[in-house]
Every structure is written in C-alpha cells, then in structure tokens.
Amino acid sequence: MDFNLTEEHLMIQQAARDFAQNELLPGVIERDENQTFPTEQIKKMGELGFMGMMVDPKYGGSGLDAISYVIAMEEISKVDASASVVMSVNNSLVCWGLQEYGTEEQKQKYLPGLASGEIHGAFCLSEPEAGSDATSQKTTAVDMGDHYLVNGTKNWITNGNTASVYLVIAQTHPELKHKGINALIMTKDMPGFSVGPKEQKMGIRGSDTHSLMFSDVKVPKENRIGEDGFGFKFAMKTLAGGRIGIASQALGIASGAYELALKYSKERKAFGTEICNHQAIAFKLADMAVNIEAARHLCMKAAWDKDNNKNYDVSGAMAKLFASQVAMDTSVEAVQIHGGNGYVKEYHVERFMRDAKITQIYEGTSEIQKIVISRAVIAG
C-alpha cells in the first residue's frame, strides 16, 4: 500500500484549495444567508476542470481518477458545501452516468457542455413517495412508439432550476416493478416541464433545490439511457459512485470545521492560557483528528476501488455512512469549542453544522447505507 499522493494529486489539491480560499470563501456567508446560487463560482470551477473531472478528454473532461475527485471535493467542501454539491451531482451522477451508459450520440451532445461547466445537470430520482424506496416510482413514462409521454413529480432536486440537462427516472412497465423503470434525458425547454418554488433549507442554502413537475412531456426515444427497463439499475449504479462524492463532501465539511476549531482554540484564552491547553478542549481536537483521518481513508479506499474496477458498493456505503457521522460530530464540537462565537454566522462553524446534516440524508440515508453494508457482511 502506498499512502503518498502523486505529484498530480498534490497539484489538484493545491488548485482546489486555492480556488476555495480565493473564489468561494469571499461572500460564502452572504450566499448562505440569501440562498444565492454561486453562478460565477460554478462557471470558474468548470473552467478549472472541476465539473468534469472523470470525463474522458475526448468529451472535454479532465480524464482524472476518482482519487483526484475525492481530493478536490474535500478542499471545495472545506469552504462551501453548496458549491461542492453542484460539483458532486454534475460529476458523480450526471457526467459519469452518461459516459458509462449513454450512447455515443448522447455523449457527444451533452458531455462537452457538462464537463466544461458551461452547463450543469440534475439527477431526478426522489419523489414524494419514493425516497429511500426508489422502486416506488410514481412518475410514468408511457411508451408512445417514437417517444415517451412523461407525467409526475420529482422532489428535492439539486440544481433543479439552474440545470440544463436532467436525468429522470420513470416507470414505463408497472407490472414489471423495478425492472420496468427507465432513465430518460430531459431538458427544461420541453413543453410540459415546470419547476416548483425553491426549497427553504436548513443547510447547503446556496444550492438550488426544487421540485419538478412533468405534464405530458414528450421525450424522444433516443433520449433513453440503456435498454428498455434499465433505469433502476442505472440509478443504483450511478448512486453508488455518487456516495463517494457525498462522503468526500462530508469529509470536507468535517475538515473545514476542525481547522477553524483548531485555529480558534490557539487564539482564545480562558483561565490564563489558550483553550487548546485545557484537556477538555485538547481531547475534543484529538477525537476530531482521528475521526477525520479515518473518514479520509475510507473515502480514498472507495475511490481506489472505483479506479481499479473493483466493486465499490460496500466501500462507498461505508465511506458515506462514516464520513457523514464524522461531519455531524465534528461540526457540533467545533461550535462547542467556539462557545458563544460558534453560534454566530461570522465564525462559519454554525453553517458547517447545518450543512453537515444533509450528508446523512441525500444520495442514500445512513439507514440505507447500513442495509447495503449489513447485507454484504451477512452474505459473506
């Protein structure tokens, strides 16, 4: 085992760190407060290659490995989780899904714009009655010969209003249950496609989260991804990789909160000395450091599995389950170390605490990750 990052990985880490500090940090509190989507910052992320990191260069991507993606996601998430979730969805769910399972025509049409950040995408699986139970799709895609007629509603869609390309999971053959589901490429300009109001969220408030409504939307047959009935498998395969992205986001939130808490503990004095010298605080910092390092190794292991064409369903689930808990625990303790200052916005850590919670929910709740892991360990 080699735990050293390559020179290329170190360069990516530095580039992502510089971008986060110079471009994302200014205004991050105001964007959170006003629920402002980071339009210019996302565009610059695309120009730097962060929006299509694992996309083949022939489609305009960076052609990098999953480890590079984990590294960049951590650095971006240390500063602005609202920006990093846009990056995660575009990379893990939209670009990867299209590149892995799309036709050559679909790749040529959509990937260059997505990889460059000129446009970005959305992944549309969740519904009012189909969150963790993704098999219960009520959105329908009726086969009309040369096109599908789509009706239904999708909820909690990241990039819901700002995306240009939407990968929509819908039921075509209800009698076949999950084997009758399809994945369709849709665009917002299709008649009958409408976007609901922006969700008022606790965290990642700068990200763009909406419900989507489809009323007799005509989607050409050539917009289907894979064979008829491949949609559920497509969603599960894509989400398995997405969990690596969200695990990395959680890792970044934890790292960002820890770094601020460590810095503050060396500046704030109580009882005649810096608070880091008090064992109560020092032990909190030690626990944070250990858990973050463990989470980082789990994220890297899952990425390594993916890069080496190994099954990463379980390693990705483990990474997301653990890293999301570390994000919650670390951000809560970071607020505690800051005391009263931790409760006000200008110190950032209260935002990290609010942002951390969603990492235990989206792209598979912690309970779903435990189902994936437990089934694997029981099966041997």
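Here the structure is a predicted model, which means the values were calculated and not measured.

Trainee: What's the story with the overall build of the protein in this structure? I'm lost.
Mentor: Check the secondary structure of the protein and you find eleven helices and ten strands. For the protein, the proportion of its 380 residues judged to be buried stands at 55%. Across the protein, the fraction of contacts at a sequence separation of at least 24, relative to all contacts at a separation of at least 6, is 73%. In the protein, 38 side chains carry a positive charge and 47 a negative one; their mean positions are 3 Å apart.

Trainee: For this particular structure, what's the right way to read the UniProt feature "domain: Acyl-CoA dehydrogenase/oxidase N-terminal" (unreviewed entry) in the protein?
Mentor: The feature "domain: Acyl-CoA dehydrogenase/oxidase N-terminal" (unreviewed entry), as annotated in UniProt, sits at residues 6–118 in this numbering. Along residues 6–118 one finds 71% helix and 0% strand; the C-alpha atoms at either end are 29 Å apart.

Trainee: Sorry, what's going on with the side chain of S248 here?
Mentor: Structurally, the position occupied by S248 is in helix α7 (residues 231–267). Excluding residues that lie within four positions of it along the chain, S248 makes contacts with V70, M73, E74, S77 and C299.

Trainee: Hey, could you run me through the packing of aromatic side chains in this one?
Mentor: Two descriptors summarise a pair of aromatic rings, namely the distance from one centre to the other and the angle between the planes of the rings. Counting across every chain of the model gives nine aromatic pairs. Relative to F50, the ring of F19 lies with its centre 6.4 Å away and its plane at 55°, an arrangement referred to as tilted. Placement of the pair is F19 in helix α1 (residues 7–24) and F50 in the loop between α3 (39–47) and α4 (66–77), with a sequence separation of 31 residues. Like F19, the residue F50 is buried in the burial classification. In this structure an aromatic cluster arises from ring pairing among W96, Y101, F123, F230 and F234. Against the face of Y148 rests K221, its NZ or CZ located 5.3 Å from the ring centre. For R351, the ring lying beneath its charged end belongs to F352, and the centroid distance is 5.3 Å.

Trainee: What should I look at first to understand unusual backbone geometry in this one?
Mentor: What you tend to see is this: most non-glycine residues have negative phi, and most peptide bonds are trans. One non-glycine residue, Q35, lies in the positive phi region at around 55°. Assignment of secondary structure puts Q35 in the loop between α2 (28–34) and α3. The exposure class of Q35 is buried, given its relative accessible area of 12%. Phi at E363 is positive, roughly 55°, even though this residue is not glycine. Looking at where E363 falls in the secondary structure, it is placed in the loop between α10 (349–358) and α11 (366–379).

Trainee: What should I look at first to understand the packing of helix α9 (residues 313–338) against α10 in this one?
Mentor: Angle between the axes and distance between the axes are the two parameters that describe a pair of packed helices. Relative to each other, α9 and α10 sit at 160°, their axes nearing to 8 Å. Between α9 and α10, the angle is such that the two are roughly antiparallel. As α9 runs across α10, the sense of the crossing is left-handed. Contact residues: A327, M328, S331, V332, A334, V335 and H338 in α9; V349, E350, F352, M353, A356 and K357 in α10. Classifying every residue of the contact of α9 with α10 gives nine nonpolar, two polar and two charged.

Trainee: I tried to follow the packing of α4 against helix α5 (residues 81–101) on my own but got confused; where do I start?
Mentor: At their nearest, the axes of α4 and α5 sit 8 Å apart, and the two run at 155° to each other. Comparing the axis directions of α4 and α5 gives the class roughly antiparallel. Here Y69, A72, M73, I76 and S77 of α4 lie close against α5, whose contacting residues are A81, A83, S84, M87, S88, N91 and S92. Looking at the contact of α4 with α5 residue by residue, the class counts come to seven nonpolar, five polar and no charged.

Trainee: In this structure, what is going on with α10? I would like to understand it.
Mentor: Think of an α-helix as turning once every 3.6 residues; residues three or four places apart then point the same way. With seven of ten residues buried, α10 is to be regarded as a mostly interior element. Restricting attention to buried positions, one finds in α10 the residues V349, E350, R351, F352, R354, D355 and A356.

Here is what the cut-offs are and how they apply
Residues numbered from 1 in each chain as written. Predicted model: local features only at pLDDT ≥ 70, side-chain atom pairs only at ≥ 80, totals over all residues. Heavy atoms only, no water. Helix = DSSP H or I, 4+ residues; strand = E, 2+ residues; numbered from the N terminus. Buried < 20%, exposed > 50% of the residue type's maximum accessible area, 1.4 Å probe, protein only. Contact = heavy atoms within 4.5 Å. Lys, Arg positive; Asp, Glu negative; His and termini not counted. Charge placed at Lys NZ, Arg CZ, Asp CG, Glu CD. UniProt positions renumbered as here; feature names shortened; annotations may be inferred. Phe/Tyr/Trp six-rings, centres within 6.5 Å; stacked < 30°, edge-to-face > 60°. Lys NZ or Arg CZ within 6 Å of the ring centre and 35° of its normal. Axes fitted to C-alpha atoms, helices over the stretch in contact; angles between N-to-C directions. Parallel < 35°, antiparallel > 145°, perpendicular 65-115°, else oblique. Left-handed = near helix turned anticlockwise from the far one by under 90°. Nonpolar A, V, L, I, M, F, W, Y, C, P; charged D, E, K, R; others polar.

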